[in-house]
Amino acid sequence: ELKVEQNPLFLSMQEGKNYTIYCNYSTTSDRLYWYRQDPGKSLESLFVLLSNGAVKQEGRLMASLDTKARLSTLHITAAVHDLSATYFCAVDREGDMRFGAGTRLTVKP
Amino acid sequence: DTEVTQTPKHLVMGMTNKKSLKCEQHMGHRAMYWYKQKAKKPPELMFVYSYEKLSINESVPSRFSPECPNSSLLNLHLHALQPEDSALYLCASSPTERVRGNTEAFFGQGTRLTVV
């Protein structure tokens with residue numbers, strides 16, 4: 001069974017600091033996604049990663065994938081308040097897409 | 001067009017009512033999903049349709065009945081729900097193959113369901 005573990009579950013950061021969110025999964029996968037969710041809203045797609053060593057960056061967020069370790073990371077650089085949200089990783093294996101528990105990120109001034 | 005459209009946005013229904021949630025996409029995606037999300041929890045997979053056929057049913061109670069009339073539409077029929085079924089219901093779609101340059105899964109805005 002495909003299982004996805006994400007940590008930390010809660011992250012309180014100061015503006016300007018860097019931090020990393022980790023996503024481990026239990027079996028081989030076809031795609032790995034990172035999503036952002038604001039309170040009361042739906043999921044916003046941030047990144048999709050397909051292959052080992054894939055790295056994608058958008059603004060202050062950078063995602064990477066190590067398929068051998070079954071690990072993805074979401075790195076936040078110089079956090080700003082606007083990044084406060086819940087971040088989910090999701091793993092897709094043959095159309096079965098499962099989510100990690102989510103990381104609730106709060107960026108404080 | 002990278003939209004997944006869900007209707008209605010909000011729904012309040014009694015435990016004896018029958019209602020339907022609707023989801024539509026025109027991206028040519030052949031995989032469509034229903035998820036249930038409770039507050040401060042991750043989305044939980046309910047159903048997956050692949051090429052209009054039900055491929056995954058996560059042991060969802062029969063009071064939830066999915067339907068995929070064609071490759072663009074996905075419905076979720078609701079009957080005799082319980083208050084604990086109140087949640088945000090999310091629809092998503094994705095390509096079933098590794099289509100070069102476009103492999104994202106997109107989510108609709110969700111239907112916030114309250115069962116009274």
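Below is a short write-up of the structure. (Residues numbered from 1 in each chain as written. Chains lettered and ligands numbered in written order. Predicted model: local features only at pLDDT ≥ 70, side-chain atom pairs only at ≥ 80, totals over all residues. Heavy atoms only, no water.)

Concerning the state of the cysteines
The following threshold applies: Disulfide: a pair of cysteine sulfur atoms within 2.5 Å of each other. Only runs of H or I of at least four residues qualify as helices and only runs of E of at least two qualify as strands under DSSP, and these elements are numbered from the N terminus. When a residue's accessible area, from a 1.4 Å probe over protein chains only, is under 20% of the maximum for its type it is buried; when over 50% it is exposed; and in between it is partly exposed.
Summed over the entire model, instances satisfying the criterion amount to 2 disulfides over all chains. A sulfur-sulfur distance of 2.1 Å marks the disulfide that ties Cys23(A) to Cys89(A). Here Cys23(A) and Cys89(A) share a disulfide; its torsion about the S-S bond, 80°, makes the bridge right-handed. With Cys23(A) in strand 3 (residues 19–25) and Cys89(A) in strand 9 (residues 85–93), the pair connects residues that are 66 residues apart, well separated along the chain. Between the sulfur of Cys23(B) and that of Cys91(B) lies a disulfide, 1.8 Å long from S to S. What sets the handedness of the Cys23(B) and Cys91(B) disulfide is the S-S torsion sign, and at about -70° it is left-handed. Of this pair, Cys23(B) sits in strand 3 (residues 18–25) while Cys91(B) is found in strand 9 (residues 87–94), placing the two residues 68 residues apart along the sequence. We classify Cys91(B) as buried; its relative accessible area is 0%. A disulfide-free cysteine, Cys68(B) has its sulfur positioned 9.2 Å from the sulfur of Cys23(B), the nearest such atom. On the accessibility criterion, Cys68(B) (13% relative accessible area) is buried.

Re the nonpolar core
Most often, soluble globular proteins keep nonpolar side chains buried together rather than apart. To keep things clear, this is the line we draw: Nonpolar cores are built from buried Ala, Val, Leu, Ile, Met, Phe, Trp, Tyr and Cys residues. Side-chain atoms within 4.5 Å join them into one set. Whether two residues touch is decided by their heavy atoms; if any such pair falls within 4.5 Å, the residues are in contact.
One finds Leu32(A), Trp34(A), Leu74(A), Ile76(A), Tyr87(A) and Leu105(A) to be the most contacted residues of the largest nonpolar core, which totals 25 residues. Once residues lying within four places of it in the same chain are set aside, the contact partners of Leu74(A) are Tyr19(A), Thr20(A), Ile21(A), Trp34(A), Phe47(A), Leu61(A), Met62(A), Ala63(A) and Tyr87(A). With 24 residues, the next largest nonpolar core counts Met27(B), Met46(B), Phe47(B) and Val115(B) among its residues.

Let's talk about the interface of chain A and chain B
So the rule is basically this: Once two parts are joined, some of their accessible surface, as seen by a 1.4 Å probe, is lost; buried area is that loss totalled over both. Salt bridges, as used here, are contacts in which a Lys or Arg side-chain nitrogen is within 4 Å of a carboxyl oxygen on Asp or Glu. Polar contacts here mean pairs of N or O atoms no more than 3.5 Å apart (in protein, one a potential hydrogen donor and the other a potential acceptor; neighbouring residues in sequence count only if both atoms are side-chain atoms). Asp, Glu, Lys and Arg are counted as charged, while Ala, Val, Leu, Ile, Met, Phe, Trp, Tyr, Cys and Pro are counted as nonpolar; the rest, among them Gly, fall into the polar class.
Across the contact, 23 residues belong to chain A and 25 residues belong to chain B. Interface area lost by chain A to chain B is led by Arg31(A), Ser42(A) and Met97(A), which between them contribute 27%. Across the contact surface, chain A and chain B share 1 salt bridge. Where Glu58(B) meets Arg98(A), a salt bridge forms, and the shortest distance between an N and an O atom there is 2.8 Å. Between chain A and chain B we count 8 residue pairs in polar contact (both at pLDDT 80 or more) in total. Listed by contribution, the elements that provide at least two residues to the side of chain A that touches chain B are strand 4 (31–37), strand 5 (43–49), strand 9 and strand 10 (96–99) of chain A. Across the side of chain A that touches chain B, the residue classes tally to 9 nonpolar, 7 polar and 7 charged.

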